[in-house]
Amino acid sequence: MTIRVAVAGATGKMGQLARRLIDEADDLELHAALDSRSSLDELAGADVVLDVTHPAASPAIVEAAIEAGVSVVVGTSGWSRERIAEVERRVRDLDDAPGVIFVPNFSVGSVLGSAFAALAADHFDSIEIVEGHHAGKVDSPSGTAVRTAELIAGARGEEGPVAAPHADQRARGQLVSGVPIHSMRMAGLLADQRVVLGGEGETLTIQHTTIAPTAYEKGILLALRRAASAEGVTVGLDALLGLHLPGTR
């Protein structure tokens with residue numbers, strides 16, 4: 001079976017990478033390549049939509065895909081837990097609704113780093129995230145950092161919120177699920193995340209660095225292939241990798 005894929009954001013870096021992967025795969029076919037001037041009607045007839053656009057454009061693309069009955073992989077950052085919950089309600093209200101997979105990061109190594117942080121989260125009370133991306137990334141904190149913070153909060157359970165003294169000071173970062181996140185946007189970086197966990201007399205740092213876009217290839221292909229038969233809403237590549245962690249859905 002050949003999976004017909006419509007790529008929204010096809011002229012961007014991630015879109016171009018996805019198009020190359022689709023061209024090289026025997027089981028994938030490019031149905032449509034959409035840019036900012038394209039009509040969303042072009043999504044109709046696809047088996048899967050890959051959204052790698054912009055936070056401002058992404059909601060309309062997801063809604064158009066759902067309306068057309070086409071499963072969608074959302075690789076665009078900026079989706080909060082509350083906005084994802086709205087999509088979940090939308091999908092539940094429809095008969096034969098397509099699947100929606102939100103992927104904050106297509107890098108398997110990054111997903112594993114976030115999973116390791118979640119596994120360690122209930123052993124340390126002091127936990128902070130430092131993430132850096134290239135200067136062209138428009139949103140902060142990153143979707144990966146937000147997802148990591150949510151996993152940490154979910155994994156702590158009865159341990160409660162992490163210790164975050166002086167969180168009212170801007171230099172202390174943005175609190176997401178009670179976890180401080182510090183963001184850098186600068187030349188020379190592609191993507192980097194450090195989760196620093198502190199305890200009595202020790203710290204543990206879990207760091208992942210993306211050095212080339214090829215890091216995203218395995219995750220993109222996995223998500224596209226799973227999306228064709230997906231049901232409901234899935235959040236995180238970890239679910240597709242079989243990583244069942246506290247705080248995941």
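Refer to the structure presented above.
So, here's what we can say about the structure. (Residues numbered from 1 in each chain as written. Predicted model: local features only at pLDDT ≥ 70, side-chain atom pairs only at ≥ 80, totals over all residues. Heavy atoms only, no water.)

1. Considering helix H2 (residues 58–68)
Then comes step 1: Residues of H2 that are buried: Ser58, Ile61, Val62, Ala64, Ala65 and Ile66.
Then comes step 2: Along its buried surface, H2 packs onto strand E1 (3–8), strand E3 (48–51), strand E4 (71–74), helix H3 (81–92) and strand E5 (100–102).
Then comes step 3: Phi turns positive, to about 75°, at Gly69, one or two residues after H2. (Buried < 20%, exposed > 50% of the residue type's maximum accessible area, 1.4 Å probe, protein only. Helix = DSSP H or I, 4+ residues; strand = E, 2+ residues; numbered from the N terminus. Contact = heavy atoms within 4.5 Å.)

2. Some points on the nonpolar core
Then comes step 1: With 30 residues, the main nonpolar core has Val5, Leu28, Leu50, Val73, Phe106, Ile220 and Leu224 as its most contacted residues.
Then comes step 2: Looking at this core, the elements that each hand over two or more residues are E1, helix H1 (13–24), E3, helix H4 (108–120), helix H6 (217–227) and helix H7 (237–240).
Then comes step 3: The greatest single-element share of this core, amounting to six residues, is contributed by H6.
Then comes step 4: Not counting residues up to four positions away in its chain, the partners in contact with Leu224 are Ile3, Val5, Ile22, Leu28, Val48, Leu50 and Val73.
Then comes step 5: Core analysis: the next-biggest nonpolar cluster, separate from the first, contains 24 residues, Ile61, Val87, Val100 and Val235 among them. (Core = buried A, V, L, I, M, F, W, Y, C linked by side-chain atoms within 4.5 Å.)

3. Observations concerning the pattern of salt bridges
Then comes step 1: Under the criterion given, the structure shown has 14 salt bridges.
Then comes step 2: Ionic pairing is found between Glu67 and Arg90, a salt bridge with its closest N-O pair at 2.4 Å. Taken together, the residues span a long stretch of sequence, with Glu67 in helix H2 and Arg90 in helix H3 at a distance of 23 residues.
Then comes step 3: The exposure class of Glu67 is exposed, given its relative accessible area of 55%.
Then comes step 4: Close ionic contact of Glu131 with Arg185 constitutes a salt bridge, the shortest N to O distance being 2.9 Å. Highlighted residues: Glu131 in strand E6 (residues 126–133) and Arg185 in strand E8 (residues 179–185), separated in sequence by 54 residues.
Then comes step 5: Given a relative accessible area of 23%, Arg185 falls into the partly exposed group.
Then comes step 6: Look at the salt bridges and you will find they share partners, linking Arg20, Glu24 and Glu217 into a network. (Salt bridge = Lys/Arg side-chain N within 4 Å of Asp/Glu carboxyl O.)

4. Re the packing of aromatic side chains
Then comes step 1: Per the stated rule, a full pass over the model turns up one aromatic pair.
Then comes step 2: Positioned over the ring face of Trp79 is Arg83, at 4.6 Å from the centre of the ring. (Phe/Tyr/Trp six-rings, centres within 6.5 Å; stacked < 30°, edge-to-face > 60°. Lys NZ or Arg CZ within 6 Å of the ring centre and 35° of its normal.)

5. Observations concerning unusual backbone geometry
Then comes step 1: A cis amide bond links Ser140 with the next residue in sequence, Pro141, at an omega value of -5°.
Then comes step 2: Inspection of the secondary structure puts Pro141 in the loop between E6 and helix H5 (143–156).
Then comes step 3: The backbone phi angle of Asp96 is positive, close to 55°, even though this residue is not glycine.
Then comes step 4: What makes Asp96 exposed here is its relative accessible area of 80%.
Then comes step 5: Positive phi is not limited to glycine here, since His166 has a value of about 60°.
Then comes step 6: Inspection of the secondary structure assignment puts His166 in the loop between H5 and strand E7 (174–176).
Then comes step 7: For His166, a relative accessible area of 52% gives the class exposed.

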